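Now for the letters of each chain:
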Amino acid sequence: MTQAIVVEGLRKRFGAREVLHGLDFAVERGTVFGVIGPNGAGKTTTMRCLLDIIRPSAGSISVLGQDPRQAGTALRRRIGYLPGELHLENRTTGRRMLEHFAAISGPVEQRHVIELAERLNLDLDRQTRKLSKGNKQKLGLLQAFMHKPELLVLDEPTSGLDPLVQQVFHAMVREAVDDGATVFLSSHVLSEVQQAADAVAILRDGEIVTVSTVEALRTAAVRQLRFNSTGTEPHDVGALLARVPGVANVAVRELKADGHAAGTVEATATLSGHVQPLIQELSKLNVTDLVLEEPDLEEAVLTLYTAQSVGNDHASGKLHASGRRAEGAHRA
């Protein structure tokens with residue numbers, strides 16, 4: 001079986017309120033699958049269903065080829081889990097806590113634990129009640145990774161970590177995947193998922209807006225274009241850009257001062273889609289300056305959120321100015 005996780009028609013209700021509305025997705029083995037969405041989108045609820053911490057109201061789930069509702073502790077030992085809200089026993093040390101977790105999860109190489117603690121710069125002999133939020137998060141990461149699980153389920157894994165430790169975390173993820181593990185992580189920070197994930201599911205109000213690769217999101221995102229050229233009339237530059245697929249918001253003007261050569265034309269536009277058609281057309285001009293900004297993935301994701309919101313609002317006849325439904329009492 002090539003898929004580590006298969007979810008079909010997943011629904012979850014808390015009383016009369018449904019927070020997951022029929023999710024369908026699959027995660028290939030040996031990949032990093034990221035779920036991104038604002039707080040209340042359903043990320044944590046989805047993870048808890050995968051781990052049988054809570055039971056779905058409808059739908060089917062397969063984790064490492066097994067139904068988590070039937071597999072019991074044997075399946076859980078093959079999984080490393082970092083919850084979004086990490087609660088630690090205060091009257092012990094990190095080392096003793098890890099020994100307790102190791103007894104539950106199965107064989108753990110002590111050398112591997114020490115190596116991870118050194119990489120994370122974590123003192124295992126301090127009382128957990130004296131640890132900062134960042135150090136508690138490091139301890140949570142260590143317990144998730146220490147038994148080299150087949151599947152890592154990580155809910156907001158870099159919360160509270162400084163940028164240097166975040167880079168250590170991303171290295172740990174890459175090494176785990178290189179060793180054959182699968183990683184399922186959630187975040188409301190796009191850059192985190194962009195750096196780590198092979199595929200991304202965008203979740204909004206308990207529904208999947210889209211499942212895509214990071215590269216596909218980047219290709220679909222909008223780039224900002226600006227260039228100068230000489231020896232061409234402004235209307236000719238505008239006509240040339242009009243022939244390029246994905247170019248919009250074109251503005252062209254002639255620069256007559258500020259040290260520019262005579263006949264210099266400045267053009268600005270936005271580009272969505274592939275760059276090659278643009279390059280082919282620009283090769284016909286005498287381009288003296290060119291800036292094509294890296295696509296803004298956050299803007300692309302927000303566009304998808306907005307499109308989904310508009311579709312839902314048209315269907316219901318209501319318009320939510322915030323683009324999000326009100327969150328209920330349960331954290332989703």
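Residues numbered from 1 in each chain as written. Predicted model: local features only at pLDDT ≥ 70, side-chain atom pairs only at ≥ 80, totals over all residues. Heavy atoms only, no water.

Brief notes about the overall build of the protein
Then comes step 1: Each helix and strand counted, the protein has 12 helices and 13 strands in total.
Then comes step 2: Taking all 332 residues of the protein together, the buried fraction comes to 45%.
Then comes step 3: Looking at the protein alone, contacts between residues at least 24 apart form 72% of all its contacts between residues at least 6 apart.
Then comes step 4: On the protein, roughly 16600 Å² of surface is accessible, and the fraction owed to carbon and sulfur atoms is 49%. (Helix = DSSP H or I, 4+ residues; strand = E, 2+ residues; numbered from the N terminus. Buried < 20%, exposed > 50% of the residue type's maximum accessible area, 1.4 Å probe, protein only. Contact = heavy atoms within 4.5 Å. Areas by Shrake-Rupley, 256 points an atom, 1.4 Å probe, with all protein chains shown as cover.)

Points about the pattern of salt bridges
Side chains that differ in charge, positive against negative, can pair when their charged atoms come close.
Then comes step 1: With the rule as written, the count across this model stands at 14 salt bridges.
Then comes step 2: Among the ionic pairs, Arg91 bridges to Glu89, the shortest N-O distance being 3.4 Å.
Then comes step 3: Two residues, Arg204 and Asp205, come together in a salt bridge whose shortest N-O distance is 3.0 Å.
Then comes step 4: Judged by relative accessible area, which is 4%, Arg204 ranks as buried. (Salt bridge = Lys/Arg side-chain N within 4 Å of Asp/Glu carboxyl O.)

With respect to helix α1 (residues 43-50)
Then comes step 1: Counting buried residues in α1 gives 7 out of 8 residues, a clear majority hidden from the surface.
Then comes step 2: Where α1 is concerned, the buried positions are Lys43, Thr44, Thr45, Thr46, Met47, Cys49 and Leu50.
Then comes step 3: One or two steps after α1, the chain reaches Asp52, where phi turns positive at roughly 60°.

Structural notes on the sheet that holds strand β13 (residues 286-292)
Then comes step 1: The 4 strands are arranged β11-β12-β10-β13 in an open sheet whose pairing can be described as antiparallel. Of all strands in the sheet, those bounded by a partner on one side alone are β11 (247-255) and β13. In this sheet, neighbouring strand axes are inclined to one another by 15° on average, regardless of whether the strands run parallel or antiparallel.
Then comes step 2: Two strands pair when backbone bridges link them, and strand β10 (residues 222-230) and β13 are joined in this way by 6 bridges, in the antiparallel orientation. The residue of β13 that forms the bridge with Asn228 is Asp289. (Pairing = 2+ DSSP bridges. Axes fitted to C-alpha atoms, helices over the stretch in contact; angles between N-to-C directions.)

So, the sheet that holds strand β2 (residues 17-28)
Then comes step 1: The 3 strands lie next to each other as β2-β1-β4, forming an open sheet whose pairing is antiparallel. Taken across any chain shown, the strands that pair with only one partner, and hence form the sheet edges, are β2 and β4 (58-63). Adjacent strand axes in the sheet meet at a mean angle of 15°, parallel and antiparallel pairs treated alike.
Then comes step 2: Relative to β2, strand β1 (residues 3-14) runs antiparallel, the two being bridged by 9 bridges. Each bridged residue has a counterpart across the sheet, and for Arg11 the counterpart in β2 is His21.

Everything listed here is a matter of geometry and, on its own, says nothing about what the molecule does.
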